[in-house]
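Letter by letter, the chains look like this.
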Amino acid sequence: ASTYARKRGLPRVYIACNAGARIGLVDELKPKFRIKFNDEENPSKGFEYLYLTDEDYNGLPEGVVNARKVPEGWALEDVIGSAHGIGVENLRGS
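As the structure is a computational prediction, the values presented were derived from the model and not from experiment.

K.L.:
So what exactly am I meant to see when it comes to the nonpolar core here?
P.N.:
Within soluble globular proteins, side chains that are nonpolar generally end up buried alongside one another. Formed by Leu-29, Leu-52, Leu-60, Val-64, Val-65 and Leu-76, the largest nonpolar core amounts to six residues. Residue contacts for Leu-29: discarding those within four places in its chain leaves Leu-60, Val-64, Val-65 and Val-79.

K.L.:
Just to check I follow, could you spell out the side chain of Asp-56 for this structure?
P.N.:
With respect to the secondary-structure elements, Asp-56 resides in helix α2 (residues 54-58). Each residue touching Asp-56, except ones within four places of it in the same chain, is listed here: Lys-32 and Arg-34.

K.L.:
Sorry, what's going on with the pattern of salt bridges here?
P.N.:
Two side chains carrying opposite charge are able to pair once their charged atoms lie near each other. Throughout the structure, instances matching the rule amount to five salt bridges. In this structure, Lys-32 engages Asp-56 in a salt bridge whose closest nitrogen and oxygen atoms are separated by 3.9 Å. Placement of the pair is Lys-32 in the loop between β1 (21-23) and β2 (34-37) and Asp-56 in helix α2, with a sequence separation of 24 residues. For Lys-32, a relative accessible area of 26% translates into the label partly exposed. Taking the relative accessible area as the measure of exposure, Asp-56 reaches 14% and is therefore buried.

K.L.:
Hey, could you run me through the confidence of the model for the protein chain in this one?
P.N.:
For any part of a model where pLDDT is low, the fine detail of the predicted coordinates should not be relied upon. Per-residue pLDDT for the protein chain averages 77, and the proportion of residues at 70 or more is 68%. A low-confidence stretch, residues 19-23 stays under pLDDT 50, and its non-local contacts, those more than four residues away or across chains, total 14 contacts. Scored below 50 in pLDDT, residues 88-94 makes ten contacts in the model with residues more than four places away or belonging to other chains.

K.L.:
I tried to follow the pairing of strand β3 (residues 47-52) on my own but got confused; where do I start?
P.N.:
Each regular strand carries side chains that alternate between the two faces of the sheet. Of the pairings in the sheet, the one linking β2 to β3 comprises four bridges and is antiparallel in character. Across the sheet, Arg-34 pairs through a bridge with Tyr-51, a residue of β3. Alignment of β3 against strand β5 (residues 73-79), held across two bridges, turns out to be antiparallel. Within β5, the residue paired with Leu-52 across the bridge is Trp-74.

Cut-offs used in this document
Residues numbered from 1 in each chain as written. Predicted model: local features only at pLDDT ≥ 70, side-chain atom pairs only at ≥ 80, totals over all residues. Heavy atoms only, no water. Core = buried A, V, L, I, M, F, W, Y, C linked by side-chain atoms within 4.5 Å. Buried < 20%, exposed > 50% of the residue type's maximum accessible area, 1.4 Å probe, protein only. Contact = heavy atoms within 4.5 Å. Helix = DSSP H or I, 4+ residues; strand = E, 2+ residues; numbered from the N terminus. Salt bridge = Lys/Arg side-chain N within 4 Å of Asp/Glu carboxyl O. pLDDT = per-residue confidence, 0-100. Pairing = 2+ DSSP bridges.

Next up, the structure:
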């Protein structure tokens, strides 16, 4: 899947390095993500970054994300979250 995505310039998110882990993300944050494609008319040409609009970024509590200012809003560098227990956890018995 990783090779497929790279060859086609598709956005992807690396979730875990093994099958014994999973990652959680606050559901309220997911729909706010936007994608800055290299070519809006042809997303298969890849993307530059994921970002939040100014309105969405300013509506988040401080420290939830690390981002840098871009023309579209705020390019995500890190998603930290604000709720305890959201993140990587090891699974047992799988």
